Amino acid sequence: MKSDLHAALKKYFGFGEFKGLQEQVIKSILDQNNTFVIMPTGGGKSLCYQLPALMQEGTAIVVSPLIALMKNQVDAIRGVSNENGIAHVLNSSLNKTEVKQVKADITKGVTKLLYVAPESLTKDEYVEFLRSVKISFMAVDEAHCISEWGHDFRPEYRNLRNIIKRIGDNIPIIGLTATATPKVQEDILKNLGMTDANTFKASFNRPNLYYEIRPKTKNVDSDIIRFIKQHEGKSGIVYCLSRKRVEELAQVLQVNGIKAVPYHAGLDAKKRASHQDMFLMEDIDVVVATIAFGMGIDKPDVRFVIHHDIPKSIESYYQETGRAGRDGGEGHCLAYYSYKDIEKLEKFMSGKPVAEQEIGHALLQEVVAFAETSMSRRKFILHYFGEEFDNETGEGGDMDDNMRHPKEKEEAKDNVAI
Ligand code: ADP
Ligand code: MG
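Conventions we followed
- Residues numbered from 1 in each chain as written.
- Chains lettered and ligands numbered in written order.
- Predicted model: local features only at pLDDT ≥ 70, side-chain atom pairs only at ≥ 80, totals over all residues.
- Heavy atoms only, no water.
- Pairing = 2+ DSSP bridges.
- Helix = DSSP H or I, 4+ residues; strand = E, 2+ residues; numbered from the N terminus.
- Axes fitted to C-alpha atoms, helices over the stretch in contact; angles between N-to-C directions.
- Salt bridge = Lys/Arg side-chain N within 4 Å of Asp/Glu carboxyl O.
- Buried < 20%, exposed > 50% of the residue type's maximum accessible area, 1.4 Å probe, protein only.
- Phe/Tyr/Trp six-rings, centres within 6.5 Å; stacked < 30°, edge-to-face > 60°.
- Lys NZ or Arg CZ within 6 Å of the ring centre and 35° of its normal.
- Contact = heavy atoms within 4.5 Å.
- Near = heavy atom within 4 Å.
- Polar contact = N/O pair within 3.5 Å; in protein donor to acceptor, adjacent residues only side chain to side chain.
- Areas by Shrake-Rupley, 256 points an atom, 1.4 Å probe, with all protein chains shown as cover.

J.: Is there a simple way to explain the sheet that holds strand 2 (residues 59-63) in this structure?
T.: Across a sheet, paired strands are connected by hydrogen bonds in the backbone, their directions being either parallel or antiparallel. Ordered by their spatial adjacency, seven strands build an open sheet running 3-4-2-5-6-1-7, and the pairing between neighbours is parallel. Of all the strands in the sheet, the pair left with one neighbour each is strand 3 (87-90) and strand 7 (198-201). Neighbour-to-neighbour, the strand axes of the sheet open up by a mean angle of 20 degrees, direction not taken into account. With four bridges connecting them, strand 2 and strand 5 (residues 135-140) associate as parallel partners. Bridge pairing links V62 to A139 in strand 5.

J.: Quick question: what am I supposed to make of the pattern of salt bridges here?
T.: Any two side chains of opposite charge can pair, on the condition that their charged atoms come close. The final tally for this structure, using the stated rule, is 22 salt bridges. Note that D75 and K71 form a salt bridge whose closest N and O atoms lie 3.5 Å from each other. Placement of the pair is D75 and K71 together in helix 4 (residues 67-79), with a separation of four residues, close to one helical turn. With a relative accessible area of 40%, D75 lands in the partly exposed category.

J.: Help me understand the packing of aromatic side chains in this model?
T.: The geometry of an aromatic ring pair is captured by the separation of the ring centres together with the interplanar angle, meaning the angle of the planes. The full count for this structure, using the stated rule, is 11 aromatic pairs. Ring centres 5.5 Å apart and planes at 80 degrees place the aromatic pair F227 and F304 in the edge-to-face group. Pair noted here: F227 is in helix 9 (residues 220-230) and F304 is in strand 12 (residues 302-307), with a separation of 77 residues, a long-range link. Accessibility assignment for this pair places F227 and F304 in one class, buried. Ring-pair connections join several aromatic residues into one group, and the members of that group are F204, Y318, Y384 and F385. The ring centre of W149 lies 4.4 Å from the NZ or CZ of K183, which sits over that ring. The aromatic ring of F370 is capped on one face by R377, whose charged end is 5.5 Å from the ring centroid.

J.: Any chance you could explain the sheet that holds strand 10 (residues 260-263) here in plain terms?
T.: In spatial order, the strands read 8-13-12-9-11-10; together these six strands make up an open sheet with parallel pairing. Edge positions in the open sheet fall to strand 8 (209-215) and strand 10, since each of these has one partner strand only. Sheet twist, expressed as the average angle between the axes of neighbouring strands with direction ignored, equals 15 degrees. This element, helix 10 (residues 243-255), spans strand 9 (235-239), strand 10 and strand 11 (286-289) of the sheet and lies at about 175 degrees to strand 10.

J.: Where do I start with unusual backbone geometry in this structure?
T.: Most peptide bonds are trans, and most residues other than glycine sit at a negative phi. Its identity is not glycine, yet Q32 carries a phi of approximately 70 degrees, on the positive side. Topologically, Q32 is positioned in the loop between helix 2 (22-30) and strand 1 (35-38). With a relative accessible area of 43%, Q32 lands in the partly exposed category. Located in the positive-phi region is E282, a residue other than glycine, with phi close to 65 degrees. Within the secondary structure layout, E282 lies in the loop between helix 11 (269-280) and strand 11.

J.: Got a minute to help me understand the site of ligand 1 in this structure?
T.: Contacts to ligand 1 come from 13 residues, most closely from E17, K19, G42, K45 and S46. G43 is positioned such that a nitrogen or oxygen atom in its backbone is 3.3 Å from an oxygen atom of ligand 1. Measuring from an oxygen atom of ligand 1, one finds a backbone N or O atom of G44 at 3.1 Å. Protein coverage of the free-state accessible area of ligand 1, which is 570 Å², stands at 64%. For the shell around ligand 1, the element with the highest residue contribution is helix 3 (residues 45-55), accounting for three residues.

See the structure below:
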């Protein structure tokens, strides 16, 4: 027999089954526990707080760093109800009348989800108001923003614990992130004051991705061209560090008959949108991009991700390669590595505060270890994320260069410029 939870899932979202750990997470939240959720991107974290919010009395406050993302979620939630006030955003873009409406809906008990940017929560007026109404729980999405060890540190997140306390003493806190490193997790639990939280961590293994590192030589461009031609007609992304390199490489690919376009933050919004659409519509095969490309892009059949330049952390590498093979089909992740690039990345950091440099250096050393290792790359990545992996029994255990071609790798290593 299906539970009430399943009925609510069906009613509000139209889904027949929970994904992964969602059901356990939601039970923990409904039991008023502090709860910590670690799931890869696309794992279905939003539903973990949306469903219990819709099922409970009072308003759940959702802290999220991205205004655009909040708006999307609010629109989606409103779509499942005929009550417009069921979800609201509270931020600096609202005028007085709008703020009044939001407050009225919350007071009436209509609003189940209130999305706020962390900086809005520093306003005394809002905090005082939220103190006076019924709050079901507080969800902190993208909770890694609290940690300097994460890839997106936001100082405003550091204040959240105090603000939550001011709003109410016994409000359960739900932290959610796709960052799996133990250091970041520790920071989150400590900073949110919830070391007692029930923790739910999904596996980060992506068994259909094949990981390969090649030494970066001066022939890297022709090597990339050859690789892409071996995957003709397939969609792929090539990541470069600089805009300049993106432009150059996109041109080199075009000249060689590959349907490729550049993408970086230096292009105007119209061009970026059109290049992204061309990729999604398959008018072109390859996007050559800086890391500006990919956030929120959901093309399920990306067949390869190439790193022309090695990323600055294992975390970034995982996120970027993670855009391949979302549909479960083939996903070839090829990265070029030379120690010179590591030195370049170190140099970029030299203007930054010392603490930041130290963190950046430590993260880079892990990248070096990963690139130079002769062990299973999947095991390495998962170990970095605090996960045990057994190549004999684990899914995708042989899906990397070191496991498939241990001998060739030894020879190739001699060519790496150290
Ligand atoms: P995350 O925040 O973990 O990256 P999202 O919350 O954005 O992931 O969800 C990713 C996708 O999964 C969304 O399209 C969402 O509608 C879908 N999804 C979530 N839960 C379920 C479910 N139980 N059944 C089917 N699809 C789901
Ligand atoms: Mg999310």
